[in-house]
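Structural description and commentary
Here is how the chains run, residue by residue.
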Amino acid sequence: MGSGYLATAVVALAAFGLALGVFLPLRKRLHPPWRGLGAAFFVVVGLRMILFWNPLAWRAYLSVLGIDDVGFMPYTFMATFQDLKFKRDIRPARTETLIIGSSQVDALFDNDVTREAGVPVFSIAGLGPSGYLPYKSALRRYNPRRVVLYLSEFDIGSHPLAPSFAYTPPSWARFWNLYEVRRFDKRMGLAYQFPAGILLADFFPEYKYSFVFRALLARATGRNAAMGKKEFKELTPEELLAMHLEGLENLKDEAVPLNMGFLEDFVKFCGEKGLQVIIVEGQYHPVAFRGENVRLHHKMRDAIERLCAEHPNARYIPRSEVYEFAESEFVDGTHVTKEAGEHFTRILLSRLKKTPVEDEGPERETAR
Amino acid sequence: MLFNSIQFFVFFLAVYTLYLALGHKKQNLMLLVASYVFYGAWDWRFLSLIAISTVLDFVCARKIDETEDVRRRKLFLTLSVAGNLLILGFFKYYDFFAQNLQALLGRFGVAADARFLEIILPVGISFYTFQTMSYTIDVYRGEMRSTDRFLDFALFVAFFPQLVAGPIERAKRLLPQVLSPRPRPTLQSFSEGAFLIFWGLFQKVFIADNLANLVDPVFAADPPYHGAHVLVALYAFAFQILCDFAGYSNIARGLGRCLGFDIMVNFNAPYSAANPSEFWKRWHISLSSWLRDYLYIGLGGNRRGAARTYRNLIITMLLGGLWHGAQWTFILWGAYHGALLVLYRLARPVFSSEPDFPRGARAGAIWRALRVAFFFHLVCVGWLIFRADSVDQIGAMLRALFLAFPTDGAIVRHYLLQMAFFLPLLFVVEASQRRTGDAAAPLRWPAAARWALYLVMFYSIMLCGEFGDRQFIYFQF
C-alpha cells in the first residue's frame, strides 16, 4: 500500500468515526426520517469502504474473477485500478519514463525488459486519447519525467469512446471529453444516447463497479458452465485476427480531429507540468495496412508532426526508427508476441536513452 | 422516455417542481403539456391519434349527455366506440388481418395482393383507447355525467404516468380527481409515492430485466428443446412478466401518488391465486375488470344459462388475448385462459370445496398451497403460449415439456440459483402487501426493517440491476 492511500484511508476513517461518534448519541433526538436517513448514510459509506475503497477487496475480486467472467476491458481496468488507487505515495519517487496506453501497450511493454529498466507501464484495454487526461492520476502515481504513448491510426481513427472510458475517474476533463464525443456522435449521425450510466457511475461506485458483482453472481450460479459461453482464451488466433481486422476496416476520417484534440489537451497539460511526451508510431497487422488505412495513416502522421511542431515538449518517433513488425510477430490483429514486444521495448528504451529528457528549468512539481 | 431512465427522472423532477408551485387549473394545464411532451418523446406524430380520440369522446359524451333520445344516445355511443376501435384496428390489427385473409384466400386458390401498412404500433394505443372508451360508455349508461372542461378531459386521456402501459383507469375514478382540486402533496403522500416508484424500479431493473436474460436465450434457440430448460425458463418468464408489468404499474401509481392522484391497483399477488377466476381478479386488474364490465356483462354475463356464460367467457378472453397484440399466439393465449375459466366453472364443485381434513386450518392451508402450485403451473403453460414467437414454437416447446424432459443439469441449476437470488425479496414484500391489503405496506414496517429493505433494494439495483434500454413488455401492446 502506498503512503498516499494510507494517509487518505486514515483521514477518511477518522472522519467516519468522528461523524458516527456525533450521530450515535444524537440519533434519538432526531426526527425518525432523518434518523433513518442518517443510519442509512453510515451503512452505505461503511459498505463502500468494505467493498470498494480497500485493496483487500479488490485483491479478492481479482483472485476470484478472470477475463472470462468480467470481460477483457473491465479485467484490465481491475488490474490497473489497484495499482493506481492503492499504491500511490504522497511523494512518489521520480520515474524517468512512464508508458501509457491500451492493451497494445500492455502486450508490447509489460515485460521483463521494462521491469528491469524500472519503466512502469499504465495500460487499460481500449485506453485512447480521450482517456489520457482523465487518467492524469497515473502521472501523480508514477511521477514521470516523460510519457511515452504508442499511437497508430487504430487509436486516432477509432471512435473516441472505448467502453473502458466508463471507468475513468471523475474529472472536468472527463466531462468535457464526454461532451465532445456526444457532439461527434451527433455530427456522425450515430445513435445519440445520453451517457446516463457514465454520469451515474460518478455518484454511485456501486453502479460503476457493478460488473464485479454481476460476475460474482454469474460465477456463483455457474453461468459460464450452463450457458456454454466461449471462453476468451479459447478463441483461436484466426478468430482473434478476424475480429481485430474487422475493427481495423472501420476506422473513420472524422474521428481524427477529435482524437487529435484530446491528444493535444494531454500534451498541453504535460507541457504545463514540465513533462515530455514521446509519441511512438504504433503498428498493427500488416494485412490491414492497406487502402484507406494507409491514407488515414498519412493524415494522422501529418497531424502528429504538426502537433509536435507546435508543442516543444512533444516528440514523434516513427516506426522506422524503432522496429517494424512482421506478420508472424502478431498474435492477432493488434497485439504482438511476447518476444516481439521485448525486442521492440529493448530498441525503444535504448533509443530513449540516447535522447534524455531536457532540463525543463525550475524544479518540476508532481503533476496535479 | 422510459420510466427507468435519467431523462425521465429529470423530466419528472421538473414536472413535480412546477406542480408544487401552481394552483389547480394551472397544474392540470401543465400536466397536460407534460403528458404530450412525454408521449411526443416517442413519436410526436402519434399525438394526433390521442387528440382525435380525445375530441371524439369529449364530443360524443357531451352529445349523449345532452339528450334523452335513446336513438341519439346510441348513435353517439356507436360513433365513439366505432371511431376508437377503427383507429385501434387500423394501426394495430390491419396488417394482421390482411395477412391472414391473404393466406386464407390463397388456400382456396384466390391470389389476393394485399397491401400491408407496416407502420409502427403507436405506443400505448390499446391502453388509452380503452380508457377513453370507458368514459363514453359510462356516460351512456348514466353512471356519470359528461364534463364540459375539454382540457381537463384531455388530461384524463393523456395523463402521463399511466398513458403508455396503464393501469387503464376508469373515467369514474380518475376524471373526478382531475376536475376537482387535489389535496396538496404531503410528506406522507410523497413517501408512499416514492416507495412505490422505488419498488417498481426494483421489480423492473433488478428482477424482470435480469430474468429476461434467462428467458430470452431459451426462446431464441431453435428446436429441439429440452423440457426442463423450457420449464425453468417459464418459471423465470412468469416472474419476469409480473415484475415488468407490475413494476411499471407501481411506478405509475407512485408518480400519481406524488402528484396527489390515486391510481388504481393493477396487480395483487396474482400467483397466489388458486384458480383462474381468482387469478383474473389479481392479474392486470384494470384490463380484466374493464373486459368484465364492458364486454362480458355487455354480452350477457352469466345471466342466460351455463352455455351462454361459457360462450361469453370464451369471447371475452379471446378478445382479451387479441387486445395484447395482432398475433395468433395472443389469441391462443386468450382462448387458453377462456378454456381454463370454463373448465373451472365446470369443476368448481370439486375445486372450491376443501376436503374434510381432520386438523382444520393447517391442512386447509396445505390444500390451498397445493391448488396454488397446480394453478401456477397452468398459468406457466399460458405464458409459454404468450411468450412464444410462433405457433410452431408453442408446439415444439409443449412437446419438449411433456415428452423430452431429461436435460443438462447445469442449466437448470443455474436458472434455479439465479431465481433464488432475484426473487426472495419479492415474496417477502408481496406477502406483507397481501396480508395488509396495502401496496405501500413496507412503509408501516418498523424503522430498522424498513431501512434495511431500502438498503437491500438500493444495493440490488445498483450492484446487479440491468441498466440496458430494455423496454417494458407491455409497451408493445
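To keep things clear, this report deals only with the structure shown in the data block. (Residues numbered from 1 in each chain as written. Chains lettered and ligands numbered in written order. Predicted model: local features only at pLDDT ≥ 70, side-chain atom pairs only at ≥ 80, totals over all residues. Heavy atoms only, no water.)

Moving on: the overall build of chain B. Assigned secondary structure in chain B consists of 18 helices and zero strands. For chain B, whose C-alpha radius of gyration is 23 Å, the value lies close to the compact-globule estimate of 23 Å for 477 residues. Principal axes of the C-alpha set define a box for chain B whose edges measure 70 × 65 × 50 Å. Counting all 477 residues of chain B, 57% fall into the buried class. Residue pairs in contact within chain B that sit at least 24 positions apart in sequence constitute 76% of those at least 6 positions apart. Accessible surface, chain B as shown: approximately 20900 Å² in total, 65% of it carbon and sulfur. Across chain B, 44 positive and 31 negative side-chain charges occur, with their mean positions spaced 7 Å apart. (Helix = DSSP H or I, 4+ residues; strand = E, 2+ residues; numbered from the N terminus. Rg over C-alpha atoms; globule rule 2.2 N^0.38 Å. Buried < 20%, exposed > 50% of the residue type's maximum accessible area, 1.4 Å probe, protein only. Contact = heavy atoms within 4.5 Å. Areas by Shrake-Rupley, 256 points an atom, 1.4 Å probe, with all protein chains shown as cover. Lys, Arg positive; Asp, Glu negative; His and termini not counted. Charge placed at Lys NZ, Arg CZ, Asp CG, Glu CD.)

Further remarks concern the interface of chain B and chain A. Of the residues lining the interface, 24 residues belong to chain B; the matching set on chain A comes to 28 residues. In total, chain B and chain A occlude about 2200 Å² of area from one another, counting both sides; carbon and sulfur atoms represent 74% of this. Of all residues in chain B, the largest losses of buried area upon contact with chain A belong to Trp451(B), Tyr459(B) and Leu463(B), amounting jointly to 28% of the total for that side. Seen at the junction of chain B and chain A, the total is eight residue pairs in polar contact (both at pLDDT 80 or more). For the side of chain B that touches chain A, the elements supplying multiple residues, two or more each, are helix H1 (6-21), helix H8 (187-220), helix H16 (409-422) and helix H18 (447-464) of chain B. Top contributing element to the side of chain B that touches chain A by residue count: H16(B), with eight residues. Taken together, the residues of the side of chain B that touches chain A sort by class into 16 nonpolar, six polar and two charged. (Buried area = accessible area lost by both parts, 1.4 Å probe. Polar contact = N/O pair within 3.5 Å; in protein donor to acceptor, adjacent residues only side chain to side chain. Nonpolar A, V, L, I, M, F, W, Y, C, P; charged D, E, K, R; others polar.)

Side chains of Arg303(B), Arg304(B), Arg308(B) and Arg311(B) sit close together on the surface and give a patch of like positive charge. Relative to the assigned elements, Arg304(B) resides in the loop between helix H11 (285-296) and helix H12 (305-324). (Patch = residues over 30% accessible without salt bridge, like charges linked within 9 Å, V, L, I, M, F, W, Y side chains within 5 Å. Salt bridge = Lys/Arg side-chain N within 4 Å of Asp/Glu carboxyl O.)

This model, assessed by the stated rule, comprises 80 aromatic pairs over all chains. Centre to centre, the rings of Phe11(B) and Phe160(B) are 5.3 Å apart; their planes meet at 80°, and the pair counts as edge-to-face. Placement of Phe11(B) in helix H1 and of Phe160(B) in the loop between helix H6 (150-158) and helix H7 (171-179) is noted, with a sequence separation of 149 residues between them. With relative accessibility at 0%, the residue Phe160(B) sits in the buried group. Where Phe90(B) meets Phe91(B), the ring centres are 5.3 Å apart and the plane angle is 85°; that geometry is what we call edge-to-face. Directly above the aromatic system of Phe289(A) lies the positively charged group of Arg319(A), at a separation of 4.9 Å from the ring centroid. Lying over the aromatic face of Trp323(B), Lys92(B) brings its terminal NZ or CZ to 5.3 Å of the ring centre. (Phe/Tyr/Trp six-rings, centres within 6.5 Å; stacked < 30°, edge-to-face > 60°. Lys NZ or Arg CZ within 6 Å of the ring centre and 35° of its normal.)

Residue and element names in this part refer to chain A. One open sheet accounts for five strands, arranged E2-E1-E3-E4-E5; its pairing is parallel. Sheet topology places strand E2 (121-123) and strand E5 (314-317) at the edges, where each strand pairs with a single neighbour. On average, each strand axis in the sheet is tilted by 20° relative to the strand beside it, whichever way the strands run. Here strand E3 (residues 144-151) runs beside strand E4 (residues 276-281); their pairing, made up of six bridges, is parallel. In the sheet register, Arg 146 faces E4, and the bridge partner there is Gln 276. Sitting on the sheet, helix H18 (residues 292-310) is in contact with E3, E4 and E5, with an inclination near 145° to E5. (Pairing = 2+ DSSP bridges. Axes fitted to C-alpha atoms, helices over the stretch in contact; angles between N-to-C directions.)

Looking along a regular strand, one sees the side chains alternate between the two faces of the sheet. Residues and elements named next belong to chain A. Among the six residues in E4, six count as buried, and that is most of the element. Along E4, one buried face is formed by Gln 276, Ile 278 and Val 280 and the opposite face, lined by Val 277, Ile 279 and Glu 281, is buried too. Looking at chain direction, E4 and E5 are connected through four bridges and run parallel. Its bridge partner lying in E5, Val 277 is registered against Ala 314. For the crossover that starts at E4, traverses H18 and ends in the parallel E5, the hand is right-handed. (Right-handed = clockwise from strand over helix to strand, strands pointing away.)

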